[in-house]
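Observations on the three-dimensional arrangement
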Amino acid sequence: RCCASPPRRRGRRQALWYHSSVFIDGEGRLSSCGSAAEGQEEEEDESSEEEFPGLLGHGEGVLQLKTPTRLPSPLGGERAIGVAASGLFSLALSADGAVWSWGCGGPGELGHGDKEDQWQPKKLEDFAAQRVVAVSAGGGHSIALTADGAIW
């Protein structure tokens, strides 16, 4: 979750989850903020942090952003028109109908055919012949709706 909430503006879209938030500004650029590390209490007052690689989309080693910060990856030069977030990963939909994902690879939630973490948005190549019109993300799944009404 962000420490500073950006003001609601016309044309801004956002996806929120417990640890982080992803925003699309009026020009279709992505920003994120929050924490990709969660403190956990352990026995005998010891504490540790669990990291969620790539959750913020700013590259390796970026684990906390206190204010919304523009993502360095420009989605292949296309504007973002949709965004979805889960606790471990995020999705973006670009104006050309492409889907991009980043975060924890886990059991294949990112859609790249592997379990690799993605530190910055990466295009899902399986949708190259499809025009996606909406995306959704949940605890351990991703959903895409294509222009012909198919759900993936």
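One can find the structure itself at the top, above this paragraph.
Everything in this summary refers to the structure shown in the same document. For clarity, every value in this text was computed on a predicted model and none was experimentally measured. (Residues numbered from 1 in each chain as written. Predicted model: local features only at pLDDT ≥ 70, side-chain atom pairs only at ≥ 80, totals over all residues. Heavy atoms only, no water.)

Re the sheet that holds strand β8 (residues 89-94)
This is how it is decided: Only strands that DSSP links by at least two bridges are regarded as paired with each other. Numbering goes from the N terminus for both helices and strands, where a helix is a DSSP run of H or I of at least four residues and a strand is a run of E of at least two. Lines fitted to the C-alpha atoms define the axes, with helices restricted to the stretch that makes contact. Angles between their N-to-C directions range from 0 to 180 degrees.
With antiparallel pairing, four strands are arranged side by side in an open sheet as β7-β8-β9-β10. In this open sheet, the two edge strands, each paired with only one partner strand, are β7 (80-85) and β10 (118-123). Here the strands of the sheet are splayed against their neighbours by 15° on average, with no regard to which way each runs. Pairing of strand β9 (residues 99-103) with β10 involves three bridges; the strand directions are antiparallel. By the bridge assignment, Ser101 is partnered in β10 with Lys122.

Overview of the environment of Val22
Structurally, Val22 is set in strand β2 (residues 20-24). A C-alpha to C-alpha distance of 6.8 Å links Val22 and Cys33, two positions 11 residues apart in sequence.

As for a nonpolar patch on the surface
The test is simple: For patches, a residue must show more than 30% relative accessible area and have no salt bridge; joins then use 9 Å for like charges and 5 Å for nonpolar side chains, namely Val, Leu, Ile, Met, Phe, Trp and Tyr. All accessible-area figures derive from a Shrake-Rupley calculation using a 1.4 Å probe, and residue coverage is judged against the displayed protein chains alone. Definition used for salt bridges: Asp or Glu carboxyl oxygen within 4 Å of a side-chain nitrogen of Lys or Arg. Buried, partly exposed and exposed residues are distinguished by accessible area as a fraction of the type maximum, computed with a 1.4 Å probe on protein chains only: under 20%, between the cut-offs, and over 50%, respectively.
Among the surface-exposed residues, Val133, Ile143, Leu145 and Ile151 lie close enough to one another that they form a single nonpolar patch of about 330 Å² accessible area. Here Val133 is to be found in strand β11 (residues 132-137). Judged by relative accessible area, Val133 falls into the partly exposed class, the value being 42%.

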